[in-house]
Amino acid sequence: MTMEGDQNSVETNQNSHPPAGAGGDGRNLELSGHVGFDSLPDQLVNKSVGQGFAFNILCIGETGLGKSTLMDTLFNTAFEAEAAPHDLPGVKVSSSTYELQESNVKLKLTVVNTVGFGDQINKEDSYQPIVEHIDKQFENFLQEELKIKRSMHGYHDSRIHVCLYFIAPTGHSLKSLDLVTMKKLDSKVNIIPVIAKADTISKSELHKFKIKIMSELVSNGVQIYQFPTDDETVADLNSTMNGHLPFAVVGSTEEVKMGNKMVRARQYPWGVVQVENENHCDFVKLREMLIRTNMEDLIEQTHTRHYELYRRCKLEEMGFMDTAPDNKPISLQETYEAKRQEHIQELQQKEDEMRQVFVVRVKEKESQLKHMEKELHERFDKLKKDHTEEKKQLDEKRRQLEEEINFFNKKKQTAAEEAMQHSQTMGKKGKKDK
């Protein structure tokens, strides 16, 4: 086809559709030949496969409910999990990352365990370390986004994508700890409740227990993750699976021979519970929904819903906003400049206040020094006066002493003269007597 023919085709399509801005975002044009952008999905798949995928699972539940066993069963491997102690003073959040590969797809799996959850006598703040851990991963991602030189390509996304909340198979109702914890986490993570060790209660009790759990979650306003139904290819499946929540699961890594094949199961004296038999438990449903169908949606929901909520609240706390008080759009630069000017004004105000405080303190110090100087002068004058008086008294005493010495010397001289005269008189008298 010639260039003229292409132009005529384009002009015809332009005339058959309204111009941009007149009721649509753009005009629909027909291509007269193959261009090649239909390979975009293949390009995205190849790029994603080359980069690999990351998926982070948070397991919450009391010690002994089989969290580690279920993880081993889900991914058909043996994770290095240590036995959890029962004497911890509080809940400890531990994270382990593993590199998995299936065919040519690499998955960086992070399993986060809540060690000691529900073991304390006072369970009031058992959820706090979990909330802090989730917020910390959000904060790390936000700080990486706010950097001048970002390295998002090589950044390990540690945000929690799904929370498997293990419920004890009591058959009665949810514990207060479960309701409080899920209520604190439903705005931060995708929660999928599972009934652990479901082979310990009967089918009729399990059915009633599921209804009871969902009723309590709804009445307490707990928002659990709902499998998406907007994609036509999986809408029917996800809609059906939403009706099976919470999943009643059984985990086991042991293989038992059933007929001519080996199956993963738990063997009891009364029979065998097959893990992958949907008549025995919901393990297959959980694996299908969690890994094979909705893993990408869980990752997307974490970013678009939970992380965006955290990011918005964090930026609003920092003073950033999209609109001004008069509902006019405001750019990030304007917000930054406004906050900068506000910060400068606060610094100037603090500087003025400090200067005033400094001046007041200097004046107080000057007043104190003047008062002390006055006291010193008064003390000096008093000492000087006392010194003068003491000097006068000493001079007077010295004068009196000198007078007494002179008087004494005169008396001594008189006495000496009298003695001499007496001796002379006695000498003359003696001569006459002879």
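Look a little higher up for the structure.
Residues numbered from 1 in each chain as written. Predicted model: local features only at pLDDT ≥ 70, side-chain atom pairs only at ≥ 80, totals over all residues. Heavy atoms only, no water.

A. A look at the overall build of the protein chain. On a plain count of helices and strands, the protein chain comes out with 10 helices and 9 strands. In terms of overall size, the protein chain is more extended than a compact globule, its C-alpha atoms giving a radius of gyration of 49 Å where 434 residues would be expected to give roughly 22 Å. For the protein chain, the spread of C-alpha atoms along the principal axes amounts to about 180 × 80 × 45 Å. When each of the 434 residues of the protein chain is scored for burial, the buried share is 30%. About 29900 Å² of surface is accessible on the protein chain, with carbon and sulfur atoms providing 51% of the total. Averaging the coordinates of the 59 positive side-chain charges in the protein chain and doing the same for the 70 negative ones gives two points 16 Å apart. (Helix = DSSP H or I, 4+ residues; strand = E, 2+ residues; numbered from the N terminus. Rg over C-alpha atoms; globule rule 2.2 N^0.38 Å. Buried < 20%, exposed > 50% of the residue type's maximum accessible area, 1.4 Å probe, protein only. Areas by Shrake-Rupley, 256 points an atom, 1.4 Å probe, with all protein chains shown as cover. Lys, Arg positive; Asp, Glu negative; His and termini not counted. Charge placed at Lys NZ, Arg CZ, Asp CG, Glu CD.)

B. Here's a closer look at the sheet that holds strand E2 (residues 92-102). One open sheet accounts for 6 strands, arranged E2-E3-E1-E4-E5-E6; its pairing is mixed. With one partner strand each, in any of the chains shown, E2 and strand E6 (247-248) form the two edges of the open sheet. (Pairing = 2+ DSSP bridges.)

C. The arrangement of the state of the cysteines in detail. Under the counting rule described, the total for this entry stands at 0 disulfides. The cysteine Cys281 is free of any disulfide, with Cys59 supplying the nearest cysteine sulfur at 16 Å. When its relative accessible area of 3% is taken as the criterion, Cys281 is described as buried. Cysteine Cys313 shares no disulfide, and the gap to the nearest cysteine sulfur, in Cys163, comes to 20 Å. (Disulfide = S-S within 2.5 Å.)

D. Quick look at the packing of helix H3 (residues 67-74) against helix H8 (residues 283-293). Two elements in contact, H3 and H8, have axes separated by 11 Å at closest approach and are oriented at 70°. Considering the angle they form, H3 stands roughly perpendicular to H8. As for how H3 packs across H8, the hand of that crossing is right-handed. Here Leu70, Thr73 and Leu74 of H3 come into contact with H8, specifically with Phe283, Leu286, Arg287, Leu290 and Ile291. A breakdown of the residues in the contact of H3 with H8 according to their chemical character gives 6 nonpolar, 1 polar and 1 charged. (Axes fitted to C-alpha atoms, helices over the stretch in contact; angles between N-to-C directions. Parallel < 35°, antiparallel > 145°, perpendicular 65-115°, else oblique. Left-handed = near helix turned anticlockwise from the far one by under 90°. Contact = heavy atoms within 4.5 Å. Nonpolar A, V, L, I, M, F, W, Y, C, P; charged D, E, K, R; others polar.)

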